[in-house]
2 protein chains.
Amino acid sequence: MLEHIRIVLIGTSHPGNIGGTARAMHNMGLTDLALVAPRCEPLTADTVSRASGADALVHGARTVETLEEAVADCTLVVGASARSRTLPWPMITPRALGERLPEELAAPERRVALVFGREDSGLTNAELQRCHAHVHIPTNPDFSSLNLAAAVQVLAYECRLAWLARQEAEPEAPAPEQPLASHEELEHYFAHLERTLIAIGFHDPTTPRQLMARLRRFTLRARPERMELNILRGILSYTERLVPRREDD
Amino acid sequence: MLEHIRIVLIGTSHPGNIGGTARAMHNMGLTDLALVAPRCEPLTADTVSRASGADALVHGARTVETLEEAVADCTLVVGASARSRTLPWPMITPRALGERLPEELAAPERRVALVFGREDSGLTNAELQRCHAHVHIPTNPDFSSLNLAAAVQVLAYECRLAWLARQEAEPEAPAPEQPLASHEELEHYFAHLERTLIAIGFHDPTTPRQLMARLRRFTLRARPERMELNILRGILSYTERLVPRREDD
């Protein structure tokens with residue numbers, strides 16, 4: 001289970017925090033680290049010092065340019081968020097996240113990504129809206145900004161507790177389920193949906209009024225299966241065919 | 001409750017860890033820090049940098065020579081221990097420790113100390129034997145040594161969760177939510193959806209292939225809000241307008 005949990009750091013500025021993250025991950029048995037557009041050299045003397053022996057995780061980390069690439073194969077994407085945003089999103093506590101993991105990772109192709117933002121500004125709204133849910137580590141409201149590696153430590157600790165609890169429990173036959181849509185499939189669907197809504201005149205991207213964000217939130221909440229997404233895309237294709245082509249105008 | 005929990009660091013070597021401890025404590029609402037015979041200057045540029053605004057806790061910390069002095073007024077002393085020692089001691093998990101705190105701190109004169117050892121060698125047997133219990137943070141057996149500030153972070157997090165759980169025992173007004181769609185609104189939506197899917201040629205009610213059932217299941221799983229359903233019905237209306245009218249056939 002733990003090997004199917006990916007820690008994703010976006011736009012990290014301090015190599016020490018990457019080292020501290022690697023140490024926290026390795027301490028808790030996590031191994032999969034992805035760095036999205038780091039704003040520093042990931043491997044420095046600071047990294048190695050804070051990693052304290054776990055720098056192999058940084059050597060093995062995948063560095064990519066976008067969140068999309070980092071989580072394309074993930075079936076559950078959870079963003080660490082300090083604040084409630086303008087458009088409320090499903091919130092989950094670190095403990096509830098841990099308790100959910102055994103079921104989320106019951107099938108071998110499932111992948112969970114825990115996404116952490118920049119030291120100074122966290123995750124952008126666009127990044128948060130690519131997540132199924134947001135996890136908030138409870139903090140002192142007067143001093144709420146956790147160190148990045150400390151935040152990873154807390155969530156990784158909850159992952160390990162959940163894994164240990166599962167070890168202690170009787171092995172359970174997972175309910176046979178349809179495969180869930182991956183992040184990449186979902187993003188293709190959202191792109192298709194937006195194109196179609198523009199084509200039929202329902203959506204004007206110059207005055208978006210949070211339309212796509214609302215449709216994202218609704219859809220992600222349902223955790224679509226691949227087959228369901230295929231149905232929805234089929235509907236979009238049929239709808240598109242009805243749109244008069246420009247040359248006919 | 002949180003103000004009666006003391007973090008005690010023994011023989012710390014790295015000022016950065018004292019700063020990281022202060023930050024972790026302040027993030028979780030802890031305020032009482034004691035340093036026992038630190039092996040470094042506690043307040044350096046490293047301390048302030050890692051404390052990231054929480055260095056007031058280091059300024060306010062009491063520095064003493066012995067564990068005895070640091071915990072003299074405490075009614076429960078718990079030592080953080082990575083290993084099981086030759087003489088088995090009552091062990092407690094971080095979670096169980098948190099759950100015990102409200103009762104332990106029920107009377108105003110009670111004090112709990114959480115004691116952390118040296119970065120390189122932890123607590124001595126003599127120190128461990130001055131504790132009521134030992135707390136072990138579960139770790140990867142192949143890489144079990146947590147960073148000092150990370151260990152403080154995990155236990156401070158459990159303290160805060162226990163405190164929050166006690167707060168929540170008080171009845172609280174539920175967060176105002178968008179109204180969910182009623183059953184009737186959902187049924188109107190499903191009827192509208194089916195009409196539209198037939199009109200665009202996607203759905204043939206004579207060979208339904210469970211299409212509507214799948215779309216129902218998907219939609220109901222998301223527990224749609226009324227506003228979301230209005231958006232979806234708006235999309236259907238725009239789609240319907242594109243369908244050529246029969247008399248045009």
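These numbers come from a predicted model, not from an experiment. Within any chain, residue numbers begin from 1 and follow the written order of that chain's sequence. For this description, chains carry letters from A and ligands carry numbers from 1, given in the order in which they are written. Residues qualify for local features only when their pLDDT is at least 70, as the model is predicted, and side-chain atom pairs are given and counted only at 80 or more; totals for whole chains, interfaces and linings, by contrast, use all residues. No hydrogens and no water enter the side-chain calculation; it runs on all heavy atoms of the structure.

Caption draft 1: Representation of the overall build of chain A within the structure. In DSSP terms, a helix is any run of H or I states spanning at least four residues, a strand is any run of E spanning at least two, and both are numbered starting from the N terminus. When helices and strands are tallied, chain A shows 10 helices and seven strands. The atom set for the radius of gyration is the C-alpha atoms, and the globule formula is 2.2 Å times the number of residues raised to the power 0.38. In terms of C-alpha radius of gyration, chain A reaches 20 Å, essentially the compact-globule figure of 18 Å for 249 residues. Each principal axis of the C-alpha atoms in chain A carries an extent, and together these give about 65 × 45 × 35 Å. Summary of the burial criterion: residues with accessible area below 20% of their type's maximum are buried, those above 50% are exposed, and those between are partly exposed, where the area comes from a 1.4 Å probe applied to protein chains only. Out of the 249 residues belonging to chain A, those deemed buried represent 56%. Put simply, of all contacts in chain A between residues at least 6 apart along the chain, 85% involve residues at least 24 apart. Averaging the locations of the 27 positively and 33 negatively charged side chains of chain A gives two centres separated by 3 Å. Throughout, a contact is declared for two residues whenever any of their heavy atoms are within 4.5 Å. Charge assignment: positive for Lys and Arg, negative for Asp and Glu; neither His nor the chain ends contribute. Charged groups are reduced to one reference atom each: NZ for lysine, CZ for arginine, CG for aspartic acid, CD for glutamic acid.

Caption draft 2: View of the sheet that holds strand β1 (residues 5-10) of chain B. All names here are of chain B. Taken in spatial order, the seven strands make up an open sheet running β3-β2-β1-β6-β4-β7-β5, and their pairing is parallel. Only two strands of the sheet have a single partner each, and these edge strands are β3 (62-64) and β5 (91-92). Bridge count for strand β4 (residues 76-80) against strand β6 (residues 112-116) is four bridges, and the pairing is parallel. Looking across to β6, one finds that G79 is bridged to V115. At least two bridges found by DSSP between two strands is the condition for calling them paired.

Caption draft 3: Geometry of the sheet that holds strand β2 (residues 32-36) of chain A. Residue and element names in this part refer to chain A. Spatial strand order, β3-β2-β1-β6-β4-β7-β5: seven strands in an open sheet with parallel pairing. Of all the strands in the sheet, just β3 (62-64) and β5 (91-92) have a single pairing partner and so form its edges. Alignment of strand β4 (residues 76-80) against strand β7 (residues 133-135), held across three bridges, turns out to be parallel. Within β7, the position partnered with V78 by the bridge is A133.

Caption draft 4: Expanded view of the packing of helix α1 (residues 15-28) of chain B against helix α7 (residues 148-168) of chain B. Residue and element names in this part refer to chain B. Interhelical geometry of α1 versus α7 gives an angle of 15° and a closest axis separation of 9 Å. By the angle class used here, α1 and α7 are roughly parallel. In this structure, α1 crosses over α7, and the sense of that crossing is right-handed. Along its contact with α1, which presents N17, G20, T21, A24, M25, N27 and M28, the element α7 presents L148, A149, V152, Q153, A156, Y157 and R160. Across the contact of α1 with α7, the residue classes break down as eight nonpolar, five polar and one charged. Helix axes are fitted to C-alpha atoms over the stretch in contact, other axes to C-alpha atoms as well, and angles between N-to-C directions run from 0 to 180 degrees. Each angle gets one of four labels, with under 35 degrees taken as roughly parallel, over 145 as roughly antiparallel, 65 to 115 as roughly perpendicular, and the rest as oblique. Helix crossings are classified by the rotation of the near helix relative to the far one: an anticlockwise turn of less than a right angle makes the crossing left-handed, while a clockwise turn makes it right-handed. Here the nonpolar group is Ala, Val, Leu, Ile, Met, Phe, Trp, Tyr, Cys and Pro; Asp, Glu, Lys and Arg are the charged ones; every other residue, Gly included, is treated as polar.

Caption draft 5: A look at the domain arrangement of chain A. All names here are of chain A. Per the domain assignment, the segments making up chain A are domain 1 (2-168) and domain 2 (183-248). For the purposes of this description, domain bounds are those given by an automatic or database domain assignment. The straight-line distance from the C-alpha centre of domain 1 to that of domain 2 is 29 Å. Take the accessible area each of two parts loses on contact, using a 1.4 Å probe, and add the two losses: that sum is the buried area. Considering only the surface of domain 1 that becomes buried against domain 2, L87, R130 and H132 emerge as the three largest contributors, covering 40% of it. The rule for a salt bridge is simple: a side-chain nitrogen of Lys or Arg has to be within 4 Å of a carboxyl oxygen of Asp or Glu. At the surface where domain 1 touches domain 2, the tally comes to two salt bridges. The partner of R130 in a salt bridge is E187, with the nearest N and O atoms 3.8 Å apart. Side-chain atoms alone can form a polar contact between residues adjacent in sequence; in general such a contact is a pair of N or O atoms within 3.5 Å, and within protein one must be able to donate a hydrogen while the other accepts it. In this structure, the connection of domain 1 to domain 2 is made through five residue pairs in polar contact (both at pLDDT 80 or more). Elements that contribute at least two residues to the side of domain 1 that touches domain 2 include exactly α4 (67-71), β4 and α5 (94-104). Of the residues that constitute the side of domain 1 that touches domain 2, the class distribution is 10 nonpolar, four polar and four charged.

Caption draft 6: A look at the pattern of salt bridges. All names here are of chain A. In the structure shown here, the tally under the stated rule is 25 salt bridges over all chains. Between R223 and E104 there is a salt bridge, and its shortest N-O distance comes to 2.6 Å. In this pair, R223 sits in the loop between α9 (211-221) and α10 (226-242) while E104 sits in helix α5, placing the two residues 119 residues apart along the sequence. The residues R223 and E104 share a single accessibility class, namely buried. What you see here is one network of salt bridges that share partners, running through E68, R130, E187 and R216.

Caption draft 7: Spatial organisation of the side chain of R160 of chain A. As for its placement among the helices and strands, R160 of chain A is situated in helix α7 (residues 148-168). At 8.4 Å, D142 of chain B is the nearest oppositely charged side chain to R160 of chain A, a buried residue that forms no salt bridge. Setting aside anything within four residues of it in sequence, one finds R160 of chain A in contact with L2, N27, M28 and G29 of chain A together with P138, T139, N140 and P141 of chain B.

Caption draft 8: Region of interest: the environment of T12 of chain A. Residue and element names in this part refer to chain A. In this structure, T12 sits in the loop between β1 (5-10) and α1 (15-28). A relative accessible area of 1% places T12 in the buried class. A C-alpha to C-alpha distance of 13 Å links T12 and T124, two positions 112 residues apart in sequence. When residues no more than four places from it in sequence are discounted, the contact partners of T12 are N17, I18, P38, R39, C40, E119 and L148.

Caption draft 9: Representation of the interface of chain B and chain A in the model. In this assembly, 56 residues from chain B lie in contact with 56 residues from chain A. For the pairing of chain B and chain A, the buried interface totals around 4,900 Å² over both sides, and the portion due to carbon and sulfur atoms is 66%. Together, F143, F218 and L242 of chain B form the three largest contributors to the area buried by chain B at its contact with chain A, with a combined 14%. At the surface where chain B touches chain A, the tally comes to five salt bridges. In this structure, R95 of chain B engages E158 of chain A in a salt bridge whose closest nitrogen and oxygen atoms are separated by 3.0 Å. Viewed at the interface, chain A and chain B are joined by 21 residue pairs in polar contact (both at pLDDT 80 or more). Within the residue set of the side of chain B that touches chain A, elements represented by two or more residues are α1, α2 (45-51), α5 (94-104), α7, α9 (211-221) and α10 (226-242) of chain B. For the side of chain B that touches chain A, the element with the most residues is α10 of chain B, which contributes nine residues. Taken together, the residues of the side of chain B that touches chain A break down into 30 nonpolar, 15 polar and 11 charged.

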